[in-house]
Each structure stands twice: as structure tokens, then as C-alpha cells.
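# Structural characterization, general
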Amino acid sequence: MFIGHIALALAAKRATPRVSLAMLLVAAQWADMLWPALLAIGVEQVRIDPGNTAFTPLNFVSYPYSHSLVALVAWGIAIGAVYRGIAGGRRTFLILAALVVSHWVLDYVTHRPDMPLYPGGVKLGLGLWNSIPATLTIEAAMYVAGLAIYLRSTRARDAVGRWAFLALAAMLPMLWIAAAFGPPPPSVDALWMTALIGAALFTLWAWWADRHRYVAT
Ligand SMILES: [Zn+2]
């Protein structure tokens, strides 16, 4: 899942209005941000395998530290605790931790049974990706709902808050569609490099656009 994770981050803005959208995105996408770094150093493995499911050309051979449920619970507690240490707030801690763990739940629905419960443990997955129409419908509906909640919870302070945010909000589903219908990545190295650069770029973009918006009361 891709824009479904982003949808939860957008929606979480209403519950934790003082937390930057960038931080909410990092929490919801933590598994997919850590994953390319672990691929780069060879700790986790993926294979490019067009047709692995209808929607993705990737075979997620092994990703116990970025994508097992137990690892994500631990990461959620760690990320929530670090943020709480810096900015405080029990509610923020809970929301950030829940966002990190939500990644597992959504990927469990999406992936074929390749999502480990714990490193070395049983692998689960409901395989939404076996159906392109179902994937498009469910993820797009989640994204529209998340976006609507964010837009109702915040207001643009200026042109950056309006246009930089709308450009970001349009760009993300376009990339999702391009990744699904474009050619598979040429190599695993190209995959992790693109994923890391994309994560850095979109996190900064979200931070910038979100700073130029204020919380609607
Ligand atoms: Zn993932």
C-alpha cells in the first residue's frame, strides 16, 4: 500500500494538529522509509519479479526489521517516545505509535502472505494487490477521505500553504499510478535509491507546505 498510508497520516492531523504533517508521514511510512536503507546495506532483500502480484513487480523476499508486526510495534514505541521527549504529549505518543503500527495492518491487507508477524515468524497477507481494480478503489477512497479531513482541519496561511500543499497532494497519487503502471525498476539499487530520495524529498515538501497552513478552529 502507498497512498493508503499517506491517507492515515493526513487524517491524523486532526487528532494531533500541532504535529507537522511531515512527522505524521514519517510515522505512517516508517516501514517504507527504513526498508530502502536496509536494502542498501543488504540486511533485507527484495527481488524484481514482474507479475508477483497484479499490482507490484516486487517479491518481498525478507524484511523482518522494517515490516514485521513485532518490529513495527517496537519502532512505534521508540518513535513515539523520542517525539514525546522532544515535544511532549501522551496523545501524540499514542498517535505516532499507532501510525507506525498501522503500516503493518494496511500492508497485511495489501500484500500476498509475505508480512512476518515477527522476524523469522509466520508470514501473513490478504493479497488485495491480486486485484488492480480493488487496489485502486480502496486506496483512492482512503486517500480522498484522508485528504478531506486534512483540508477541513487546516487552512492555508499564504500561497505556499495552498499551492505547495495541493501540488504535493496531486503528485503523490500520480507517482503511485506511475509506479503501478510504469515499467518495473531496472535494478534493486535503483529501487532503494529512488525510494530514499523520494522519502527525503516528500518529507521536506510536506514539512514546508504544512508550515504554511494553520489549524482551523
Ligand atoms: Zn510497506
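See the structure printed just above.
### Re the packing of aromatic side chains
Taken as a whole, this structure holds nine aromatic pairs when the rule is applied. When the centroid spacing of 6.4 Å and the interplanar angle of 15 degrees are considered together, the rings of Phe55 and Trp129 count as stacked. Of this pair, Phe55 sits in the loop between β1 (45-48) and β2 (58-62) while Trp129 sits in the loop between β4 (123-124) and α7 (132-153), and the two are 74 residues apart along the sequence. On the basis of relative accessible area, Phe55 is assigned to the buried category, the value being 6%. When the ring of Phe60 is compared with that of Tyr63, the centres are 5.2 Å apart and the planes differ by 15 degrees; the resulting orientation is stacked.

### Side note on the coordination of the zinc ion
For the zinc ion, the full set of protein donor atoms is Asp32 (OD), His67 (NE2), His103 (NE2) and Asp107 (OD), and the range of their distances to it is 2.1 to 2.2 Å. In primary-sequence terms, the residues that donate to the zinc ion follow D-x34-H-x35-H-x3-D. Residue His67 is located in helix α4 (residues 64-67), and its partner His103 is located in helix α6 (residues 90-110); the two are separated by 36 residues in the primary sequence. The exposure class assigned to His67 is buried, which follows from its relative accessible area of 1%. Its relative accessible area of 0% is what places His103 among the buried residues.

### Describing the packing of helix α3 (residues 30-40) against helix α5 (residues 69-87)
With their axes 11 Å apart at the nearest point, α3 and α5 run at an angle of 105 degrees to one another. By the angle class used here, α3 and α5 are roughly perpendicular. Counting all contacts with α3, which are made through Trp30, Ala31 and Leu34, the residues of α5 involved are Leu72, Trp75 and Ile79. In the contact of α3 with α5, the residues fall into six nonpolar, no polar and no charged.

### As for helix α9 (residues 188-211)
Its 24 residues give α9 an end-to-end C-alpha distance of 34 Å, which sits within 8% of 34 Å, the value for a rise of 1.5 Å per residue. When we look at burial in α9, the residues that qualify are Leu191, Trp192, Ala199, Phe202, Trp205, Ala206, Ala209 and Asp210.

### Some thoughts on the pattern of salt bridges
Under the definition given, this model contains one salt bridge. Its salt-bridge partner being Asp210, residue Lys13 comes within 2.9 Å of it at the nearest N-O pair. Residue Lys13 is found in helix α1 (residues 3-15), and its partner Asp210 is found in helix α9; the two are separated by 197 residues along the sequence. Asp210 gets classed as buried once you look at its relative accessible area, which sits at 7%.

### A word on a nonpolar patch on the surface
The grouping of Ile41, Val43 and Tyr65 at the surface amounts to a nonpolar patch, some 300 Å² of accessible area in total. Structurally, the position occupied by Tyr65 is in helix α4.

### Observations regarding the nonpolar core
Ranked by size, the top nonpolar core spans 52 residues in total, and within it Leu10, Trp35, Tyr143 and Phe165 carry the most contacts. When residues in this core are grouped by element, the largest group, eight residues, is from helix α2 (residues 21-28). Dropping the residues within four chain positions of it, Tyr143 is found in contact with Ile3, Ile6, Ala7, Leu10, Leu168, Ala169, Leu172 and Pro173.

Procedures and definitions
Residues numbered from 1 in each chain as written. Predicted model: local features only at pLDDT ≥ 70, side-chain atom pairs only at ≥ 80, totals over all residues. Heavy atoms only, no water. Phe/Tyr/Trp six-rings, centres within 6.5 Å; stacked < 30°, edge-to-face > 60°. Helix = DSSP H or I, 4+ residues; strand = E, 2+ residues; numbered from the N terminus. Buried < 20%, exposed > 50% of the residue type's maximum accessible area, 1.4 Å probe, protein only. Donors = N, O, S within 2.8 Å, 3.2 Å for Na, K, Ca; no water. Axes fitted to C-alpha atoms, helices over the stretch in contact; angles between N-to-C directions. Parallel < 35°, antiparallel > 145°, perpendicular 65-115°, else oblique. Contact = heavy atoms within 4.5 Å. Nonpolar A, V, L, I, M, F, W, Y, C, P; charged D, E, K, R; others polar. Expected span 1.5 Å × (residues − 1). Salt bridge = Lys/Arg side-chain N within 4 Å of Asp/Glu carboxyl O. Patch = residues over 30% accessible without salt bridge, like charges linked within 9 Å, V, L, I, M, F, W, Y side chains within 5 Å. Areas by Shrake-Rupley, 256 points an atom, 1.4 Å probe, with all protein chains shown as cover. Core = buried A, V, L, I, M, F, W, Y, C linked by side-chain atoms within 4.5 Å.

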